[in-house]
Amino acid sequence: MSTMFADTLLIVFISVCTALLAEGITWVLVYRTDKYKRLKAEVEKQSKKLEKKKETITESAGRQQKKKIERQEEKLKNNNRDLSMVRMKSMFAIGFCFTALMGMFNSIFDGRVVAKLPFTPLSYIQGLSHRNLLGDDTTDCSFIFLYILCTMSIRQNIQKILGLAPSRAATKQPSHPMVGESTAGTH
Amino acid sequence: EPSQLQLANGALKVSVWSKVLRSDAAWEDKDEFLDVIYWFRQIIAVVLGVIWGVLPLRGFLGIAGFCLINAGVLYVYFSNYLQIDEEEYGGTWELTKEGFMTSFALFMVIWIIFYTAVHYD
């Protein structure tokens, strides 16, 4: 096995490990707490109820009905915001860990071509895919590009497999504008 | 039933798979159906990634090919094969979007891995 392909597999492995690490940290700090479990159940129940209500409502529905839905939406928004706050703790911890980890990996893989791309990336993507690499071959793949692709695909699938992803109804409702989900997003 | 796997959000119960291939199956749980679409997409991503990497199929053609096949196969599946009402799920676009970005990223990873392994190892 060539060194380059060994690097390719290593990065996939690192990505799986960091995704599990992120979920592990989140589990310790967030998922296993009663507050989170309670809030999550509330949000899921409310958003499913709200969705059903919105489906059955008609244009000519009375003001009372619409007001009721507005109130429920407000309540759901507040719960979602509380849920995001609870997750913030783990996001800070993960952010911290990952900054350190990425610093370490970047220096380990500095200048190393970890894979060959079967396509030539667009010029603004090359800033990422050819980062810290020497030479002009734009099909050379840098650590960070492969790592980001791996994380995007692996993280969300791991969350879904472990049953940690929030339900679709819950993610459809708007939550706190400043708090986004982790890099790979959750569905 | 002890033989059935009960898993949480996103993961599928074993009994769901028996519905997947039956065109007249009734999908009571919307989320269940969307999860099937999601995982179907991931499987297509892996299969195409391997084939494209081994052939090899390079460049924009590979990417466009993936997008078309991924969207196309699923579209044929949910609109023709299954008798479901797309409007119930938010329309064709919502069904097309379901799991697409993750499957695209997965496809890229598999494509890159197999291309590197077969042609540069």
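Residues numbered from 1 in each chain as written. Chains lettered and ligands numbered in written order. Predicted model: local features only at pLDDT ≥ 70, side-chain atom pairs only at ≥ 80, totals over all residues. Heavy atoms only, no water.

Quick look at the UniProt feature "transmembrane region" (unreviewed entry) in chain B
Item 1. In the UniProt entry, the feature "transmembrane region" (unreviewed entry) is given for residues 36–55, 60–79 and 99–118 of chain B.
Item 2. The span residues 99–118 of chain B shows a helical share of 95% and a strand share of 0%, and its end C-alpha atoms are spaced 28 Å apart. (UniProt positions renumbered as here; feature names shortened; annotations may be inferred. Helix = DSSP H or I, 4+ residues; strand = E, 2+ residues; numbered from the N terminus.)

Quick notes on empty space enclosed by the protein
All names here are of chain A.
Item 1. One pass over the structure, following the stated rule, counts one cavity of 30 Å³ or more.
Item 2. Lining the largest cavity we find Asn106, Phe109, Asp110, Gly111, Arg112, Arg131, Asn132, Leu133, Ser142, Phe143 and Ile144.
Item 3. Partitioned by chemical class, the residues of the lining of the largest cavity number four nonpolar, four polar and three charged. (1 Å grid on protein atoms, 1.4 Å probe; cavity = no way out; pocket = protein on both sides within 12 Å on 5 of 7 lines; lining within 4 Å. Points joined across faces, edges and corners; volume = space filled by probe spheres on them. Nonpolar A, V, L, I, M, F, W, Y, C, P; charged D, E, K, R; others polar.)

Examining the interface of chain A and chain B
One frequent convention defines the size of an interface as the accessible area lost when the parts assemble.
Item 1. Taken residue by residue, the interface counts 31 residues in chain A and 30 residues in chain B.
Item 2. Roughly 2600 Å² is buried in total at the junction of chain A and chain B, and carbon and sulfur atoms are behind 65% of that figure.
Item 3. Taken together, the connections running from chain A to chain B amount to one salt bridge.
Item 4. In this structure, A:Lys160 engages B:Asp35 in a salt bridge whose closest nitrogen and oxygen atoms are separated by 3.9 Å. (Contact = heavy atoms within 4.5 Å. Buried area = accessible area lost by both parts, 1.4 Å probe. Salt bridge = Lys/Arg side-chain N within 4 Å of Asp/Glu carboxyl O.)

A few points about the packing of helix 3 (residues 63–108) of chain A against helix 5 (residues 143–161) of chain A
Two numbers describe a pair of packed helices, the interaxial angle and the distance between the axes.
Residues and elements named next belong to chain A.
Item 1. It is at 11 Å that the axes of helix 3 and helix 5 come closest, and there the two elements cross at 145°. Helix 5 is crossed by helix 3, and the crossing has right-handed handedness. Facing Ile94, Phe98, Met102, Phe105 and Asn106 of helix 3, the residues of helix 5 in contact are Phe143, Tyr147 and Arg155. (Axes fitted to C-alpha atoms, helices over the stretch in contact; angles between N-to-C directions. Left-handed = near helix turned anticlockwise from the far one by under 90°.)

What about the packing of aromatic side chains?
Item 1. Tallying each qualifying case throughout the model produces 14 aromatic pairs over all chains.
Item 2. Centroid distance A:Phe109 to A:Phe143: 4.9 Å. Interplanar angle 0°. Geometry classified as stacked. Here A:Phe109, found in the loop between helix 3 and strand 1 (115–116), pairs with A:Phe143, found in helix 5; they are 34 residues apart in sequence, far enough to count as distant. A:Phe143 matches A:Phe109 in its accessibility class, with the two residues each being buried.
Item 3. Consider the rings of B:Phe104 and B:Phe107, whose centres lie 6.4 Å apart with planes at 35°: the pair is tilted. Placement of the pair is B:Phe104 and B:Phe107 together in helix 5 (residues 100–120), with a separation of three residues, close to one helical turn.
Item 4. Residue B:Phe107 is classed as buried on the basis of its relative accessible area, which comes to 0%.
Item 5. Here the basic side chain of A:Arg32 rests over the ring of A:Trp27, its NZ or CZ set 5.8 Å away from the ring centre.
Item 6. We note A:Lys160 situated over the ring of B:Tyr38; from NZ or CZ to the ring centre the distance is 4.4 Å. (Phe/Tyr/Trp six-rings, centres within 6.5 Å; stacked < 30°, edge-to-face > 60°. Buried < 20%, exposed > 50% of the residue type's maximum accessible area, 1.4 Å probe, protein only. Lys NZ or Arg CZ within 6 Å of the ring centre and 35° of its normal.)

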